[in-house]
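# Structural description and commentary
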Amino acid sequence: MNMKNISIALLSLLMVFSFTGCRKNTRLSYVEMLKREESEIRTFMDKEGIVILPEVPEGKVMEPNQFAKIKEGLYINIKDLGNGNKPTSGKTVIQARFTVESLADQSRFEVENPLFTNYEGAVGGTRPLNFIYHKDGIAMHIDPTTPSDNNQIQVQFGCEALLRALEYVSEGGEVRIITSFRTGPSMMTKEGIPLYYSVVRYEFKH
């Protein structure tokens, strides 16, 4: 299915239509959302020819179609291990840039927060998601020094999945993530929407 790329500045408007205009009035139970999500993720994996490895290979990058399950409903692919400089828990400020899309049939969207200023298709003026690294953390701690105008959209996509994946790479590392709504952004929980981060790059704020 071809999906329209949108700039990050238009996401808030898109969400209104996604969550209110594309859903029927019937509410699903939590168990029903899990079953639907499992089917949506499986359909995506089958389409992309994804192979699930028993664990993340230590110190190695992975083939594009190889993912490892690191938690129930959370799969990662190591694209770039980074420079070996690991973050310090509670101190290092992480700057994450990403491209993410919905895997849910009932709510389709794609958002790009470009990786570099010269990144093809980059939208000028976009800023990274800034957060403080906490080892084995679940809740994301946003960097309090981040300008208020930086967290209108980026922060909405901060989630446990981004924190968990960071444990396997270092500064400059890149990963791909398939995440359940259970470990995804909180705004996806109500509708039970799984996400695919086709790339996430972690830089350190110096």
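Keep in mind that what you see is a predicted model, and the values were worked out from it rather than measured.

### Considerations on the overall build of the protein
The secondary structure content of the protein amounts to three helices and ten strands. Counting from the amino terminus, helix and strand elements in the protein follow one another as β-α-α-β-β-β-β-β-β-β-α-β-β. Residues counted as buried form 49% of the 206 residues belonging to the protein. Expressed as a percentage of contacts within the protein between residues at least 6 apart in sequence, the contacts between residues at least 24 apart total 68%. When the accessible surface of the protein is totalled, it reaches about 10,600 Å², and 51% of it is carbon and sulfur.

### Thoughts on the nonpolar core
The biggest cluster of nonpolar side chains holds 36 residues, and the ones touching the most others in it are Phe131, Phe157, Leu162, Ile177, Tyr197 and Tyr202. For this core, the secondary structure elements donating two or more residues are strand E4 (74-80), strand E5 (93-102), strand E7 (129-132), helix H3 (160-166), strand E9 (174-179) and strand E10 (195-204). Apart from residues lying up to four places away in sequence, Leu162 is in contact with Leu129, Met140, Phe157, Ile177, Tyr197, Val200 and Tyr202. The next biggest cluster of nonpolar side chains, apart from the first, holds nine residues, and it includes Met45, Ile50, Tyr75 and Tyr196.

### Observations concerning helix H2 (residues 30-48)
With 19 residues, H2 extends 27 Å between its outermost C-alpha atoms, agreeing within 8% with the 27 Å of an ideal straight helix rising 1.5 Å per residue. Looking at H2, one finds that the buried residues are Met33, Arg36, Glu37, Glu40, Ile41, Phe44 and Met45. The elements touched by buried residues of H2 are strand E2 (51-53), E4, E9 and E10. Gly49 occupies a position one or two residues after H2 and carries a positive phi of about 65 degrees.

### Observations concerning the confidence of the model for the protein
Mean pLDDT over the protein: 82, with 77% of residues reaching 70 or higher. Note that residues 116-125 has pLDDT below 50 and, in this model, nine contacts with residues that lie over four places away or in other chains.

### Concerning the pattern of salt bridges
This structure, assessed with the given rule, holds twelve salt bridges. We note a salt bridge from Asp46 to Arg42, for which the minimum N-O separation is 3.7 Å. Placement of the pair is Asp46 and Arg42 together in helix H2, with a separation of four residues, close to one helical turn. Judged by its relative accessible area of 53%, Asp46 falls in the exposed class. The class for Arg42 is partly exposed, based on a relative accessible area of 40%. Among the ionic pairs, Asp143 bridges to Lys205, the shortest N-O distance being 3.4 Å. On the criterion of sequence distance, the pair formed by Asp143 in the loop between strand E8 (141-142) and H3 and Lys205 in the segment after E10 is long-range, its members being 62 residues apart. A relative accessible area of 5% places Asp143 in the buried class. For Lys205, a relative accessible area of 36% gives the class partly exposed. Via salt bridges that share partners, Lys79, Glu174, Arg201 and Glu203 belong to a single interconnected network.

About the criteria used
- Residues numbered from 1 in each chain as written.
- Predicted model: local features only at pLDDT ≥ 70, side-chain atom pairs only at ≥ 80, totals over all residues.
- Heavy atoms only, no water.
- Helix = DSSP H or I, 4+ residues; strand = E, 2+ residues; numbered from the N terminus.
- Buried < 20%, exposed > 50% of the residue type's maximum accessible area, 1.4 Å probe, protein only.
- Contact = heavy atoms within 4.5 Å.
- Areas by Shrake-Rupley, 256 points an atom, 1.4 Å probe, with all protein chains shown as cover.
- Core = buried A, V, L, I, M, F, W, Y, C linked by side-chain atoms within 4.5 Å.
- Expected span 1.5 Å × (residues − 1).
- pLDDT = per-residue confidence, 0-100.
- Salt bridge = Lys/Arg side-chain N within 4 Å of Asp/Glu carboxyl O.

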